[in-house]
Amino acid sequence: MSPPSSTSSVSPFCSLPPILTTAHLPAMRFSLHRCSSHFPSLLFKLNHPHLLPLSPPPPPSSIRFTSFPFFAPHHRFFSHPPSSLPKLSSSSSSPDLTHFIRRAAVSATVSETDQDCASVTGTSQKGRIYHETYGCQMNINDMEIVLSIMKSAGYTDVVEAPESAEVIFINTCAIRDNAEQRVWQRLNYFWFLKRHWKSNVAIGRSQSLRPPKVVVLGCMAERLKDKILDADKMVDVVCGPDAYRDLPRLLEEVDYGQKGINTLLSLEETYADINPVRISSNSVTAFVSVMRGCNNMCSFCIVPFTRGRERSRPVESIVREVGELWKEGVKEIMLLGQNVNSYNDNSEVEDVEAGSNWKLSNGFLSRCKVKNVGLRFADLLDRLSVEFPEMRFRYTSPHPKDFPDELLYVMRDRYNICNYIHLPAQSGSTTVLERMRRGYTREAYLDLVHKIRDIIPDVGISSDFICGFCGETEEEHEDTLSLTKAVGYDMAYMFAYSMREKTHAHRNFVDDVPENVKQRRLAELIEAFRESTGQCFDSQIGTVQLVLVEGPNKRAPETELMGKSDRGHRVSFSILPLSHTVDDDGKRDPKAGDYVEVRILRSTRASLFGEAIVRTNLSTFYKPDEDLVSFSQS
């Protein structure tokens, strides 16, 4: 993973909208990112109500997926308990002192504020939750795990606005400096809701029953825990990625005047026994985390320091979760991991000689030796694809070193494993790759691309690139431009480098490429990719693609539907009644979750438009042999 300061992409999915739109306060016109440690003194100015916004800033707008994708907040209501006051537990025969103290606190809160607040319906007895998530798909899945843990602890109500919440979660990303600065801006508004709660309630800006507790989760919590807690009482709880089970206890500590913090990293935590609460409004696709952490220690990347070392969930727990999603109507699963294809379930194996059975891509090296080798990613994909023949499987984010032949063969032989591979290069220069500690050369990367395309016909390939890494010369930048032309990517995510503390680069290199040079190189890289991706999309014209319908096309919701092809391209088509190739259910309009054969008519070089032919099944479209060939026999 990469930690650049600015990003861009040439993507078939959608363009990059603003990550966060926040009303800028008069007192906040200076650059917050220059020194976040100055926040207490800056925030002092917000004590004057006339400096504060008359209306809350809007929440972040929807943002597209990338390898370091940013997401807008996702919300879901669970249930609406009738009472907002604390209740005695069923195990208690009589009220204790804590019960009376908490009940008195709630009563005082209600009496001091407008009585309309006390009449809010559906208020959870422990407090309503509002949540925002920034960062990669793993952070979205982590938020689903957090909501499941909180629901089990009695926090059953989730609201759509922070002004109506007693508990505010913000799940953070530490990959890029820009991401952290946007989180600081958002925390500033949450601090305002808490600090000026009474006046906000009085004027109707806030509907919470007490000052909200602000909780910072995720990688930024792990990286900046002390700075966050010291920021003028801005945050009540800081919780790292491996400590989410501790959240209910940490929130209770706040009730007794303490700040809650747990950022300990774990060598074992995978949350395999927790059934995540799905927060996406799309019921057709879902994320499933299969492993956590990263052992690669690339010189630019902070992930190993914020997410810890690699550990994988048992295969059986993943199969069980996917089975539950299938029953809920999910048709496509994205398998997640910081280095997803280094998956290694050794829960059922005994110790073996270090690395004796760990196969890498040809020409690739790894600094980390694997002690216990168990079921690998190819085994997991094989198991899932056979047990769920009508469900599609994708995965992200892999490392090029972990594509042994077995993985490529199982992708070739299983029609429901999508022909799409994200293959982060980061640079096209061997010397830069060496400074990045990536474990391969330009030549080895190109050899892997050729092997992938030889084994898996019509495969789509995407990548990540960093512009302006430490010491990058113009010649090394030209090597990256030439690599993009040599490979011909479907899509790429491109970043201008910014250094992160704790990384190998921070300790050993100098961030010596001027910012204007980084931005110029980034623009040149974007232009090179436009030609590559356009050719990939244009090549699909005239073909028939199997599209999983995800819902209406937002640009023409009344007349068009939209979905993704096997290769990951966005495809839209006009709504009209279609028959089914197998089921005799008559003609009807396609709906979300249907597989539709679509003949591609034109390309915008960012998306495809076609003519719908017929509804079908995944297995029927590909007409596989009755007995699937095992990859082990290939």
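The name recorded for the chain in an unreviewed UniProt entry is CDK5RAP1-like protein, from Acorus calamus. In its Cofactor (unreviewed entry) section, the UniProt entry covering the chain states "[4Fe-4S] cluster". UniProt annotates the chain under Sequence similarities (unreviewed entry) with the comment "Belongs to the methylthiotransferase family. MiaB subfamily."

Engineer: In this structure, what is going on with the confidence of the model for the chain? I would like to understand it.
Structural biologist: Where the model shows low pLDDT, its predicted coordinates should not be examined in detail. Mean pLDDT for the chain: 80, with 77% of residues reaching 70 or above. In the predicted structure, residues 97-123 sits below a pLDDT of 50 and forms 38 contacts with residues beyond four places in sequence or in another chain. Throughout residues 625-634 the model reports pLDDT below 50, and contacts reaching past four residues in sequence, or to other chains, amount to 17 contacts.

Engineer: Sorry if this is basic, but what is going on with the packing of aromatic side chains here?
Structural biologist: In this description, an aromatic ring pair is defined by two values, namely the gap between the centres and the angle between the planes. Counting across every chain of the model gives 15 aromatic pairs. Look at Phe377 and Tyr395: their rings are 4.9 Å apart centre to centre, the planes differ by 75 degrees, and that puts the pair in the edge-to-face class. A residue pair is termed long-range when its members are at least 10 positions apart, and Phe377 in helix H11 (residues 377-387) and Tyr395 in strand E13 (residues 392-396) qualify at 18 residues. Comparing Phe377 with Tyr395, the two get one shared label, buried. The lysine or arginine in question, Arg602, covers the ring of Phe609, its NZ or CZ lying 4.1 Å from the ring centre.

Engineer: Explain the pairing of strand E15 (residues 460-467) here, please?
Structural biologist: Strand residues, when the strand is regular, have side chains that alternate between the two faces of the sheet. A large share of E15 lies buried, amounting to eight of its eight residues. Burial along E15 is two-sided: the residues Gly460, Ser462, Asp464 and Ile466 and Ile461, Ser463, Phe465 and Cys467 are all buried. With three bridges connecting them, strand E14 (residues 420-422) and E15 associate as parallel partners. Looking across to E15, one finds that Tyr420 is bridged to Gly460. Both E15 and strand E16 (residues 491-496) contribute to a ladder of six bridges, which runs parallel. Bridge pairing in E16 links Ser462 to Met491.

Engineer: Quick question: what am I supposed to make of unusual backbone geometry here?
Structural biologist: Comment: phi is negative for the bulk of residues other than glycine, and the bulk of peptide bonds are trans. Note the cis peptide between Thr396 and Ser397, where omega equals 0 degrees. Positionally, Ser397 belongs in the loop between E13 and helix H12 (405-413). For Tyr271, which is not a glycine, the phi torsion comes out positive at approximately 55 degrees. Considering the arrangement of structural elements, one finds Tyr271 in the loop between strand E6 (260-262) and strand E7 (285-289). Taking the relative accessible area as the measure of exposure, Tyr271 reaches 1% and is therefore buried. Of note in the backbone geometry, Lys502 takes a positive phi value of approximately 80 degrees without being a glycine. Structurally, Lys502 is set in the loop between E16 and helix H16 (504-508). A relative accessible area of 38% places Lys502 in the partly exposed class.

What counts as what
Residues numbered from 1 in each chain as written. Predicted model: local features only at pLDDT ≥ 70, side-chain atom pairs only at ≥ 80, totals over all residues. Heavy atoms only, no water. UniProt positions renumbered as here; feature names shortened; annotations may be inferred. pLDDT = per-residue confidence, 0-100. Contact = heavy atoms within 4.5 Å. Phe/Tyr/Trp six-rings, centres within 6.5 Å; stacked < 30°, edge-to-face > 60°. Helix = DSSP H or I, 4+ residues; strand = E, 2+ residues; numbered from the N terminus. Buried < 20%, exposed > 50% of the residue type's maximum accessible area, 1.4 Å probe, protein only. Lys NZ or Arg CZ within 6 Å of the ring centre and 35° of its normal. Pairing = 2+ DSSP bridges.

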